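Structural characterization, general
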Amino acid sequence: MLKLKQQFDLQRDVVFDILRKEASVCRVKEYSEDVDTRILNTERDGSVLYSWKGATGTTRIGKYDPYTKQNKLLYTFDKQVCVSSCSLNKEETLLAVSLVQNTSAQQRLKPISRCLTLLIEIHPINNTKVLKAVDCRVKVQFLHQETEWKSALESHLLLFTEDGYVDLYHVLLSKQEGYRVVISNPERLSRAVERIIEDFCWVQWDGHTQRLYYLTRKDRFLLRCVQFYQNHSCDTVLELVLELPANAFRAVRFVSLGFDHYHVEKPEQELVRMRVFTNRLERSMCVCYSQLLKDKQELTYTVVLVHKDCSKRFRVYLGNDKPSLNLHQLHPLFIPIGYYILVYLQGYFLHCINTRQHEMLCHSLFLTGQDVNLGMQSQSDALTVMHKEDETSVCLLELARGSIHIAELSPAYLLQILRSDASPGCPSSRTDPLRLAALHCLLVFMGDDLKLELKIIEWLCDNMNIVESFDQIQEFILASLFRMSYEKSLCLDKVLPYSSVYEKKEVPACLEAVPGVSCTTELHIDPDFKGKAERLQGFWSELQWNTEKMKYLNAVPNSRYRTSDIQADWNKLRSESRASSHLNHLEENTKKVLSMVDTWCLEKKLVPLFQEEDHQQRAFIGLTVDKLREHLNRHLPQLGNRKIDSLVVNYVAKLLELIRHMLESAWLKNKLGPHVLCLTKKGGPSEWAVFHFMLRILESTQGLCLPLPPGYHTLFAVFAVRCLPHQTFLQYIDHGFLQLTETFVSRLMTDLDNSETNERLKFSILKKLSEPMEQRIYHMWDHPVSSASISRDYVKTLLEKHTKNKGFGFTVRDKPDFRPEFLPLTYLAKMLSDIESQALNPFEDRENVDARFVEESALMQTLIQLGFEEK
């Protein structure tokens, strides 16, 4: 599941160097392997502080620099001591050390106290100042402010005690002799101290962000966060109430404050294990804690999503197949990687929680069984999570082995989940959620990797098995568009579509519940951001805004845009003749989208798309822009019209470009060339594979009611007529899978010869065209039928012109015997009929007319005119 890269190894990077130097100083011919080296702390810049017992019976403290790969001796005690806590200031001029007194009376330091805290000048090694001598454990940690070394004439040290209070020492420094850095007025150091926390039962230090989290309890547990600023001041910026057991912490807990090798935690005292993680890029904050139930073999852990204004409580059944392990003493390891929180218990489960899209369990990976491991030899309980600056990976420390690994989610493992076929005994309820979660992790979390994206498209092309619970291509389109848009603005995560699962009227049962884990969600956790809005800066102001936005979006119905909601408007637009102003408005939207696509595709002409006027798709593109803009204006008006218009146009343009990219990848995969556009040759296996892939894309976009790039239907029809039998091809048209474009039909008429089979196909297609398109197509087909049609149209046009010149109106006579087969005769009869209707009736206003006599007279006159009778 994780891709590990070793960054530090105590034996390789430190011990070998110590042995070489010790041998050189002591003139030892052979290296001694008995070097008791222990990691004490890691500082903000990644440097590792460690101690070892020297060959001369001393204790030394050193520093390993991960950038230069060099070791540096910081300080040497003249005897062996037990270092329980250690910290180095950024300028490497001061070293703070907390020593635990040995039980042996001969080795105790005076005054006799359990813990002695020292502040040592090390640039160069000079004075030592005792800060505290108490009977409880003490942790030390320097603040690392961003200042130039030459101007840094002060340092600030946090001192944590097991009695539950925290002091902040402000240490003023001065330079002597141009290079010596010493403490100014060391006798006044005890006065330059500020107590910033009076009482706590749990505390965590975040060196990367310079934040301090601590728990205090009166009537209930309250989590507070103290932020330290560049000017060395600090503020309580957040308070959050947590629902924890009353006896959650029987002893004070220190988190991320170094490693005490002389204090062993009692497992029975750790009823709750807790960690706090923040992510600057995501503007997110998660509070994670786990509890063990006494009576049942199940594990309960909670993830409080402050940025989502909700809390999620998970329950995992551990089973009773491992009676040798004491389940009541096990806690999972919380590992933050990007916006995922991994909850890991070796040999039991690995839960990769998606904190960005948390609504459904199926978007988070849940793996169980013996095969679940991180690829590290230590138990999960023996691993320590260390923060990493880029926030897309994490450092894991194996303290017993003295190694640090950079851990990332493994794309190869996730691809393996996608490609693995479900075994006959494995139900879809177990495999479908895994595949869906793996697909989203690959597309959204790792989607910037173009090579990885190509592998996913290849999987889509090769995967002919349709997953019943979700559409893979729909997920690919929506997840990819979500990632691209989210990079533009983080506030879109609750507004834009993320998964096709939300488009379903009823979510499949196998996606609603994931076997092995259950979840309950609590909304409105009500974090209290302290101070006025103008005092909150950077991350905290963004987190506060994010939280307030989520409160609103959770309260309003249908805040997430559903692409299928446009279906009714699209059907109405196709069936009605709308006002020209509305169509012009949609066309302006389309022009913006296509112009943006053109700027991206200057050199991408492999697939013939965006090269024709497809009026129907152009109107569909414009309507999509309109509806999405309307949705964002309704829910995110604070972004402004200009920003929203840019986001919407970019979204639809990315949609069209994504489909082009999918087709181009399939094109290259099947090694197609320009010859595939030739209609006279039947398609082979490569053409059939692309045709099938295009059909799946068409079905997926129709299901989501999304537009396609202009030219898609033409290209799809070309592949269809080459790959399908003619009868099947016509059925595809009748069932709406194929849309006949004028570009395709004109090519069909000109490229195919007039053989009997092709004529039947052409006549069948002509019957399915609208009358205006049919008339235009006849002009392109060299055939007697088309010539006759053109002649009829020509005569009709001439007669209409003649009629206008003579003043006769062409009015339709609805008669049952009206036969328009021969237009000249028909039009002549119609013209005579109109003239007859305009002539005066000589028998009008006459009474008692002999009709029989009139009829015989008219007949006689006709015979005389024809020469059959004489006058």
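None of these values were measured; they are calculated from a predicted model.

Cut-offs applied
Residues numbered from 1 in each chain as written. Predicted model: local features only at pLDDT ≥ 70, side-chain atom pairs only at ≥ 80, totals over all residues. Heavy atoms only, no water. Helix = DSSP H or I, 4+ residues; strand = E, 2+ residues; numbered from the N terminus. Expected span 1.5 Å × (residues − 1). Buried < 20%, exposed > 50% of the residue type's maximum accessible area, 1.4 Å probe, protein only. Pairing = 2+ DSSP bridges. Axes fitted to C-alpha atoms, helices over the stretch in contact; angles between N-to-C directions. Contact = heavy atoms within 4.5 Å. Parallel < 35°, antiparallel > 145°, perpendicular 65-115°, else oblique. Left-handed = near helix turned anticlockwise from the far one by under 90°. Nonpolar A, V, L, I, M, F, W, Y, C, P; charged D, E, K, R; others polar. Phe/Tyr/Trp six-rings, centres within 6.5 Å; stacked < 30°, edge-to-face > 60°. Salt bridge = Lys/Arg side-chain N within 4 Å of Asp/Glu carboxyl O. Disulfide = S-S within 2.5 Å.

This brings us to helix 11 (residues 641-669). Taking 1.5 Å as the rise per residue, helix 11 with 29 residues should run 42 Å; its terminal C-alpha atoms sit 42 Å apart, in good agreement. With 22 of its 29 residues buried, helix 11 lies for the most part within the structure. Trailing helix 11 by a residue or two, K671 shows a phi angle of about 55°, which is positive.

Reading across the sheet, the 5 strands line up as 20-21-22-23-31 and stay open at both edges, with antiparallel pairing between neighbours. With one partner strand each, in any of the chains shown, strand 20 (272-279) and strand 31 (517-523) form the two edges of the open sheet. Going from strand to strand, the sheet's axes swing by 15° on average, the running direction of each strand aside. As judged from the 8 bridges shared by strand 22 (residues 298-305) and strand 23 (residues 310-317), these two strands associate in the antiparallel manner. Bridged to V303 within strand 23 is K312. Along the sheet, helix 7 (residues 539-555) makes contact with strand 20 and strand 21 (284-292), crossing strand 21 at roughly 75°.

Running from N to C, helix 11 and helix 12 (residues 685-704) point in directions that differ by 160°, and their axes come no closer than 10 Å. Judged on the interaxial angle alone, helix 12 and helix 11 are roughly antiparallel. For the pair helix 11 and helix 12, the sense of crossing is right-handed. In this structure, helix 11 contributes I659, M662, L663 and A666 to the contact, and helix 12 contributes V690, F693, M694, I697 and T701. Of the residues belonging to the contact of helix 11 with helix 12, the class tally is 8 nonpolar, 1 polar and no charged.

The next thing to look at is the sheet that holds strand 7 (residues 94-100). Taken in spatial order, the 4 strands make up an open sheet running 6-7-8-9, and their pairing is antiparallel. This sheet does not close on itself; its edge strands, each paired only once, are strand 6 (82-88) and strand 9 (125-134). Each strand of the sheet is rotated relative to its neighbour by a mean of 20°, with strand direction disregarded. Inspection of the sheet shows strand 7 paired to strand 8 (residues 115-122) by 7 bridges, in the antiparallel sense. Note on strand 8: the bridge partner recorded for A96 is L119.

Considering all chains together, one arrives at 22 aromatic pairs under this definition. Arranged with centres 5.6 Å apart and planes meeting at 20°, the rings of F482 and Y486 form a pair that is stacked. Taken together, the residues span about one helical turn, with F482 and Y486 both in helix 5 (residues 472-488) at a distance of 4 residues. Both residues of the pair, F482 and Y486, belong to the buried class. Between W688 and F691, the aromatic rings sit 5.4 Å apart at their centres with planes inclined by 45°, giving tilted as the arrangement. Placement of the pair is W688 and F691 together in helix 12, with a separation of 3 residues, close to one helical turn.

Here we take up the pairing of strand 6. With respect to burial, strand 6 is a largely interior element, 7 of its 7 residues being buried. Note that strand 6 and strand 7 share 6 bridges and pair antiparallel. Bridge pairing in strand 7 places C82 opposite V100. Following strand 6, the chain reverses through 5 residues before pairing antiparallel with strand 7; E92 in that reversal takes a positive phi of roughly 60°.

Using the criterion set out here, one finds 44 salt bridges in the structure. Notably, a salt bridge pairs R283 with E542, separated by 3.6 Å at the nearest N-O pair. With R283 in the loop between strand 20 and strand 21 and E542 in helix 7, this pair connects stretches of sequence that are 259 residues apart. E542 sits in the partly exposed class, given a relative accessible area of 32%. The partner of R776 in a salt bridge is E742, and the shortest N-O contact between them spans 2.9 Å. Placement of the pair is R776 in helix 17 (residues 771-778) and E742 in helix 15 (residues 742-751), with a sequence separation of 34 residues. In this structure, a network of salt bridges that share partners links the residues R224, E239, D528 and K530.

Let us look at the state of the cysteines. Under the counting rule described, the total for this entry stands at 0 disulfides. With no disulfide of its own, C136 lies 7.1 Å from the sulfur of C115, the closest cysteine sulfur. With no disulfide of its own, C310 lies 8.7 Å from the sulfur of C519, the closest cysteine sulfur.

Before going further, it helps to spend a moment on the environment of L116. Inspection of the secondary structure assignment puts L116 in strand 8. A relative accessible area of 5% places L116 in the buried class. Separated by 14 residues in the primary sequence, L116 and V130 place their C-alpha atoms 7.4 Å from one another.

Take the side chain of S500 next. Here S500 lies in the loop between helix 5 and helix 6 (509-512). S500 has contacts with D471, Q474, E475, L478 and L704, leaving out every residue within four places of it along the chain.

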